[in-house]
Amino acid sequence: MPASSATRTSGTGPLRLVAVSAGLSKPSSTRLLADRLAEATSRELAAEDRKAEVEIVELRDLAVEIANNLVTGFPAPALSAALEAVTGADGLIVVSPVFAGSYSGLFKSFFDLIEPDALTGTPVLLAATGGTARHSLVVEHAMRPLFSYLHALTLPTAVFAATDDWGAGADAYAGGLPARIDRAGGEFARLLRGLTPGTGGTGGTGADEVGEVDEVDEVGEVVPFEDLLANLK
């Protein structure tokens, strides 16, 4: 059984940053994007004297174990270690290639093995790679809903890299892919700075720190739907 966010131990050590790459080829543009996003985030954290330990989870190497786990319900040691790394991370960078207009089956199969509450409050940076920019909305209409279901805290800024983005001079007006990677990494680092190392999404600024009250207003009486319709007559 993968570890949940509740098992994270608090401490003063470096933040644990895990990048999940679902690329299938070697070399892989998906893995390259994951590496560069992790580097940009770590660099921004280091500029503010925050250290980060980065671990890369390469799903390509776990494909057979993922399939076996879906059938048997028991993870092999390497897969179990990957699941524990992901669920115990202070921040996640997840990158999938686009297959048939969505994330890859390997990407989805891996996160199907994550307990629904294990990533609650965990900051996540979303990214994807594809052949053309026409697939860029996969991040919004496929990946973001998946991590909303898992109760993760997704960064509003995501990164999509098409094949042309890796060429020199591509997307010059927007600063190119390197500029977008730096922007996302910087924003992700700022989100992670509020965390206590080892607490994942359970750290950071709480309601008391921003002047909000802890109490929740009581929900009023629920009006039956039939009564609501009756008022329209």
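K.L.:
What exactly am I supposed to notice about the packing of helix 1 (residues 29-47) against helix 6 (residues 176-192) here?
P.N.:
Interaxial distance between helix 1 and helix 6 falls to 8 Å at its minimum, and their mutual angle equals 50°. Between helix 1 and helix 6, the angle is such that the two are oblique. Between helix 1 and helix 6 lies a crossing of right-handed hand. On helix 6, the residues touching L33, R36, L37, A40, T41, R43, E44 and L45 of helix 1 are I181, D182, A184, G185, G186, F188, A189, R190 and L192. Class assignment of the residues belonging to the contact of helix 1 with helix 6 gives a composition of nine nonpolar, three polar and five charged.

K.L.:
Just to check I follow, could you spell out helix 1 for this structure?
P.N.:
Spacing of three or four residues puts side chains on the same side of an α-helix, whose turn is 3.6 residues. For helix 1, built from 19 residues, the straight-helix expectation of 27 Å at 1.5 Å per residue is met to within 8% by its first-to-last C-alpha distance of 27 Å. All of the buried residues in helix 1 are T30, L33, A34, L37, A38, A40, T41, S42 and L45. Contact partners of the buried residues in helix 1: strand 1 (15-21), strand 2 (52-58), strand 3 (91-99), strand 5 (123-130), strand 7 (159-162) and helix 6. N-cap assignment for helix 1: the residue whose side-chain oxygen lies 3.1 Å from the backbone N of T30 is S28.

K.L.:
So what exactly am I meant to see when it comes to unusual backbone geometry here?
P.N.:
When glycine is set aside, most residues are seen to have a negative phi, and most peptide bonds are trans. The amide bond that connects K26 to the next residue, P27, takes the cis arrangement and shows omega of 0°. For A100, which is not a glycine, the phi torsion comes out positive at approximately 50°. Locating A100 in the fold gives a position in the loop between strand 3 and strand 4 (102-103). For A100, a relative accessible area of 88% translates into the label exposed. With phi around 65°, H151 is a residue other than glycine that occupies positive phi space.

K.L.:
What am I meant to see in the confidence of the model for the protein chain here?
P.N.:
Interpreting fine coordinate detail is not advised for predicted regions of low pLDDT. Confidence in the prediction of the protein chain, expressed as mean pLDDT, is 83, and 75% of residues score 70 or more. In this model residues 1-11 is a low-confidence stretch, pLDDT under 50, and it forms 34 contacts with partners more than four residues away in sequence or in other chains. Residue range residues 202-219 is modelled with pLDDT below 50. Its contacts to residues more than four positions away, or to other chains, number twelve contacts.

K.L.:
I would appreciate a short explanation of the nonpolar core in the present structure.
P.N.:
Side chains of nonpolar character tend, in soluble globular proteins, to be buried together. In terms of nonpolar packing, the biggest core is built from 38 residues, with V86, V94, F111 and F147 touching the most fellow members. Elements represented by at least two residues in this core include exactly strand 1, helix 3 (77-87), strand 3, helix 4 (105-112), strand 5, helix 5 (138-149) and strand 7. Setting aside anything within four residues of it in sequence, one finds F147 in contact with V94, F107, F111, L119, V124, L126, A152 and T154. Formed by 22 residues, the second largest nonpolar core is a distinct cluster that contains L17, A40, A184 and A189.

Reading the values: the criteria
Residues numbered from 1 in each chain as written. Predicted model: local features only at pLDDT ≥ 70, side-chain atom pairs only at ≥ 80, totals over all residues. Heavy atoms only, no water. Axes fitted to C-alpha atoms, helices over the stretch in contact; angles between N-to-C directions. Helix = DSSP H or I, 4+ residues; strand = E, 2+ residues; numbered from the N terminus. Parallel < 35°, antiparallel > 145°, perpendicular 65-115°, else oblique. Left-handed = near helix turned anticlockwise from the far one by under 90°. Contact = heavy atoms within 4.5 Å. Nonpolar A, V, L, I, M, F, W, Y, C, P; charged D, E, K, R; others polar. Expected span 1.5 Å × (residues − 1). Buried < 20%, exposed > 50% of the residue type's maximum accessible area, 1.4 Å probe, protein only. Polar contact = N/O pair within 3.5 Å; in protein donor to acceptor, adjacent residues only side chain to side chain. pLDDT = per-residue confidence, 0-100. Core = buried A, V, L, I, M, F, W, Y, C linked by side-chain atoms within 4.5 Å.

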